[in-house]
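# Structural overview
Residues per chain are reported as follows:
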Amino acid sequence: MDNEMITGSEVMMRALKAEGVTTIFGYPGGAIMPVYDMLYDYTRGEKKAFEHILVRHEQAAAHAAEGYARVSGKVGVALVTSGPGATNTLTGVADAMMDSTPIVVIAGQVPISSLGTDAFQEVDLVGVSQPISKWSYQIRRAEDIAWAVSRAFFIAKSGRPGPVVLDFAKNAQVEKIEYNPTKVNFVRSYVPSPTLNEEAVRKAADMINHAQRPLALVGQGVELGDAHEELKAFLEKADIPAGRTMLGLSALSCNHPLNIGMLGMHGNYAPNKKEQECDVLIAIGMRFSDRVTGNLKTYAKQAKIIHLDIDKSEIDKNVKTDVAVVADCKLSLPAITALLEEKKHDEWKASFIPLMKQEQTKVIEPAIHPKEGMLLMGEVVNEVAEQTKGEAIVVTDVGQNQLFTTRYSRFVHKRSLCTSGGLGTMGYGMPAAIGATYGNPDRMVLCFMGDGGFQMCMEELGTIMEHERPIKMIMLNNHYLGNVRQWQDMFFERRKSFTKMKNPAYELIAQAYKIPYELVYQRENLSAAVERMLNTPGAYILECVILDDDDILPMTPPGCDIGDMLLEIHV
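Residues numbered from 1 in each chain as written. Predicted model: local features only at pLDDT ≥ 70, side-chain atom pairs only at ≥ 80, totals over all residues. Heavy atoms only, no water.

### Quick word on the overall build of the protein chain
Counting its regular elements, the protein chain contains 24 helices and 20 strands. For the protein chain, whose C-alpha radius of gyration is 24 Å, the value lies close to the compact-globule estimate of 25 Å for 571 residues. When its C-alpha atoms are laid out on the principal axes, the protein chain stretches across 70 × 60 × 40 Å. Counting across all 571 residues of the protein chain, residues that qualify as buried make up 60%. Looking at the protein chain alone, contacts between residues at least 24 apart form 77% of all its contacts between residues at least 6 apart. Positive and negative charge centroids in the protein chain, built from 58 and 71 side chains respectively, lie 2 Å apart. (Helix = DSSP H or I, 4+ residues; strand = E, 2+ residues; numbered from the N terminus. Rg over C-alpha atoms; globule rule 2.2 N^0.38 Å. Buried < 20%, exposed > 50% of the residue type's maximum accessible area, 1.4 Å probe, protein only. Contact = heavy atoms within 4.5 Å. Lys, Arg positive; Asp, Glu negative; His and termini not counted. Charge placed at Lys NZ, Arg CZ, Asp CG, Glu CD.)

### Description of the environment of V545
Within the element layout of this structure, V545 appears in strand 20 (residues 540-545). Through-space distance from the C-alpha of V545 to that of M377 is 9.1 Å; in sequence the pair is 168 residues apart. Excluding residues within four positions of it along the chain, V545 makes contact with M374, L375, N477, L519, V520 and Y521.

### Details of the layout of surface pockets
One number sums up the size of the second largest pocket: a volume of about 590 Å³. What lines the second largest pocket is a set of 24 residues, among which G261, N268, Q360, I364 and R407 lie closest to the centre. Among the secondary structure elements, those contributing two or more residues to the lining of the second largest pocket are strand 11 (259-262), helix 12 (269-274), helix 16 (353-368) and helix 18 (400-408). Ranked by the residues each element gives to the lining of the second largest pocket, the list is headed by helix 16, at five residues. (1 Å grid on protein atoms, 1.4 Å probe; cavity = no way out; pocket = protein on both sides within 12 Å on 5 of 7 lines; lining within 4 Å. Points joined across faces, edges and corners; volume = space filled by probe spheres on them.)

### Side note on the nonpolar core
A general feature of soluble globular proteins is that nonpolar side chains tend to end up buried together. L281, F288, L476 and C544 are the most contacted members of the largest nonpolar core, which totals 61 residues. The residues touching C544, leaving out its near neighbours within four places in the chain, are L375, V380, I474, M475, L476, N477, V520 and L526. Core analysis: the second largest hydrophobic core is formed by 47 residues, Y68, M430, I464 and I515 among them. (Core = buried A, V, L, I, M, F, W, Y, C linked by side-chain atoms within 4.5 Å.)

### Digging into the packing of aromatic side chains
Enumeration according to the criterion identifies 12 aromatic pairs in this entry. Consider the rings of W135 and Y137, whose centres lie 5.2 Å apart with planes at 20 degrees: the pair is stacked. Under the relative-accessibility criterion, W135 is labelled buried at 14%. Pairing F288 with Y299 gives two aromatic rings, centres 6.0 Å apart and planes at 70 degrees, and the pair type is edge-to-face. (Phe/Tyr/Trp six-rings, centres within 6.5 Å; stacked < 30°, edge-to-face > 60°.)

### Brief notes about the sheet that holds strand 13 (residues 304-309)
Taken in spatial order, the six strands of this open sheet run 11-10-9-12-13-14, and their pairing is parallel. Of all the strands in the sheet, the pair left with one neighbour each is strand 11 and strand 14 (323-326). Strand after strand, the sheet turns through a mean of 20 degrees between neighbouring axes, direction not considered. Where strand 10 (residues 242-244) lies against strand 11, two bridges are found, and the strand directions are parallel. Along strand 11, the bridge assignment pairs R244 with M262. Packing of helix 11 (residues 228-238) onto the sheet brings it into contact with strand 9 (214-218), strand 10 and strand 12 (280-284), and relative to strand 12 it is tilted by some 170 degrees. (Pairing = 2+ DSSP bridges. Axes fitted to C-alpha atoms, helices over the stretch in contact; angles between N-to-C directions.)

### Topic: the side chain of T419
Secondary-structure assignment places T419 in the loop between strand 16 (417-418) and helix 19 (429-439). On the accessibility criterion, T419 (0% relative accessible area) is buried. A polar side-chain atom of T419 sits 2.6 Å from a polar atom in the side chain of T396. Setting aside residues no more than four positions away along its own chain, T419 makes contact with R70, D99, M246, L247, T396, D397, Q402 and Y428. (Polar contact = N/O pair within 3.5 Å; in protein donor to acceptor, adjacent residues only side chain to side chain.)

### Topic: unusual backbone geometry
Omega for the peptide link from L553 to P554 comes to -5 degrees, which places this bond in the cis form. Secondary-structure assignment places P554 in the segment after strand 20. Of note in the backbone geometry, S189 takes a positive phi value of approximately 75 degrees without being a glycine. Turning to its location among the elements, S189 is positioned in the loop between strand 8 (176-178) and helix 9 (198-209). Taking the relative accessible area as the measure of exposure, S189 reaches 76% and is therefore exposed. Positive phi, normally seen in glycine, also occurs at D226, with a value near 50 degrees. Along the polypeptide, D226 turns up in the loop between helix 10 (221-224) and helix 11. Of the residues examined, D226 reaches a relative accessible area of 35% and is grouped as partly exposed.

Read these as layout, nothing more, since geometry by itself doesn't imply function.
If you want it as structure tokens, here you go:
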């Protein structure tokens, strides 16, 4: 016990330090000012424990915390004030909840004596954040701070990770107490890692051993559970081809021979078609999103379904399973692997090849090696991928830029992709990339954005400038909200309702923030421009002028059978 009497704000600093926090993304304001005053001491001098990154909008603080968490495996932290400061983070909180990203948002709040009076910048943060967070709690007394912080971090990072919101009343920030370090590693009725059911393991292994056409669906749960090696051992022993969800793209190297591509609406042709032909489907750390399954009434009805997931609520939620193994996949995968027979499925794997060749000829080659016309998104992404050789961390915004980037990037190392999956948040890219540079400072960070997403977050160029973040920003500019435009062309009789954008002079914006910039609109200049970007120290903006009606293919139309993918569009 420390007999020294300190303020609640200093208790907060010590509690965060005890959790191993080194980086805080934030924006100050009135109701969090005592904490920021204490943070002044804890970012310099003898007490220095943290680096604080001043963002330009509170939503960016949450997204930066997400990017940090996604590439580091640690908990990201955002610190903001009450009222609009707190509510501005809620998009990031919801995004983190959908994508199982561990962040803790600490928001100021009016004193408890003012609660319910409509005080300046008062909002019921617990009430509005509870449905979109893993835990939301109001700290009303200084004596509860250390406990609340430790509990928040335990909940955020254990089991299926997610966001936690702490609503920090101003009176608790200034009260003085003795600091008592607290470590929470148990919460009654909360079972983050269920006990492995040996009978379920045996049934799963038996089903896989009898399979003639097994197919694995690899999700982000493998990344979150750090089960990359366990996954490879599982796949290799039973010779199981594996498709990856968008969020699971870097869970298995693109160079692995059993990796047969991306699943979902805009995934690869072969794995989507084969989901409708396999006899045993093994879902590993994925949630059967509608963007993966297509029409649930026709999805994989011929297959026995094995679902490995740490979250029991995902079992049978969308797809009825035959065997459910509810546990951390770092435990369940090796347990099943130990019972597997060594197999070869050469004929089954060979059946993927004609479909892969069909997609290569009809979709991939025209997208990455066009012979004429304006630049295409696919060829820009492919050029960057070839020059970086899959070594970079890839961050995307949302829209066509995201879909082309995830299809044509290379992912060799784990935790190499940051993208907004479940919520689909435009404006996510740039702040998430800022967070990624702190989460893994030894790797290059690429950020692909459309012109729409860029303009939703371009105030964060100020953060990049001030903190000298070495982000390579590739803007794929087609002067449209491209994904919406594509759907309008396909399903709304080409009625382009408010999707065309009149854009600013991005060169002048880059100039204002002292960031090197280059514009590319001719194919013959692309390779050299990408090389210059990659070889220029620090931040860089490469604007690529793209064909305005460049469409992302293949595509499974919404509501259709996942196997009914279109390799070309007829409108």
